[in-house]
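Each chain, written out:
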Amino acid sequence: MAGQVFVFQVVIVLLLVVAAVVALVLQVRHDSTVEARNRSVAVAATFADSPGIREALRAPDPTAVLQPRAEAARKATGVDFIVVMDTDGTRYTHPLPDRIGRKFVGTIGPRSRGGR
């Protein structure tokens, strides 16, 4: 009888440990996703508000001014990409130069009206 109680206690402890590990993994995963989202938004907002961006968007060739700046900012911040586009979704910058001038694939919604 004492042996069965001991085995039962060991099983309960193992289940609690597994549940705790799963909870921690899920929490870390969630926190990482939130942190990545916050970092991406911060980089985008900082880049959009940086000096000269509005003037560059009004220039005859926005890509000539914006692409080097976007790539430098991307490398400095460690984000995967910084893409600047006009309100209809045409890309002015992209880490893959062959995508510059092509339409963004996805939804730009309120961003196209100047929202964040």
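None of these values were measured; they are calculated from a predicted model.

## So, helix H3 (residues 62-77)
Since the α-helix advances by 3.6 residues per turn, residues separated by three or four positions end up pointing in the same direction. Given a rise of 1.5 Å per residue, 16 residues ought to cover 22 Å, and the 22 Å separating the end C-alpha atoms of H3 matches this to within 8%. All of the buried residues along H3 are Pro62, Thr63, Leu66, Gln67, Ala70, Glu71, Ala73 and Arg74. Projection of H3 onto a plane perpendicular to its axis shows the buried side chains occupying an angular sector of 165°, all on one side. Along H3, exposed side chains directed more than 90 degrees from the buried face belong to Lys75 and Ala76. Packed against the buried residues of H3 are helix H1 (2-48) and helix H2 (53-58). Phi turns positive one or two residues past the end of H3, at Gly78, with a value near 80°.

## Observations concerning a nonpolar patch on the surface
Side chains of Phe6, Val7, Phe8, Val10, Val11, Ile12, Leu14, Leu15 and Leu16 sit close together on the surface and give an oily, nonpolar patch of about 870 Å² of accessible area. Secondary-structure assignment places Leu15 in helix H1. What makes Leu15 exposed here is its relative accessible area of 54%.

## As for the nonpolar core
Ranked by size, the top nonpolar core spans eleven residues in total: Val43, Phe47, Ile53, Ala56, Leu66, Ala70, Ala73, Val79, Ile82, Val84 and Tyr92. Among the secondary structure elements, those contributing two or more residues to this core are H1, H2 and H3. With three residues, the single largest contributor to this core is H3. With near-sequence residues (within four places) excluded, Phe47 lies in contact with Ile53, Leu66, Arg69, Ala70, Ala73, Ile82 and Val84.

Conventions and cut-offs
- Residues numbered from 1 in each chain as written.
- Predicted model: local features only at pLDDT ≥ 70, side-chain atom pairs only at ≥ 80, totals over all residues.
- Heavy atoms only, no water.
- Helix = DSSP H or I, 4+ residues; strand = E, 2+ residues; numbered from the N terminus.
- Expected span 1.5 Å × (residues − 1).
- Buried < 20%, exposed > 50% of the residue type's maximum accessible area, 1.4 Å probe, protein only.
- Arc of directions from axis to C-beta.
- Contact = heavy atoms within 4.5 Å.
- Patch = residues over 30% accessible without salt bridge, like charges linked within 9 Å, V, L, I, M, F, W, Y side chains within 5 Å.
- Areas by Shrake-Rupley, 256 points an atom, 1.4 Å probe, with all protein chains shown as cover.
- Salt bridge = Lys/Arg side-chain N within 4 Å of Asp/Glu carboxyl O.
- Core = buried A, V, L, I, M, F, W, Y, C linked by side-chain atoms within 4.5 Å.

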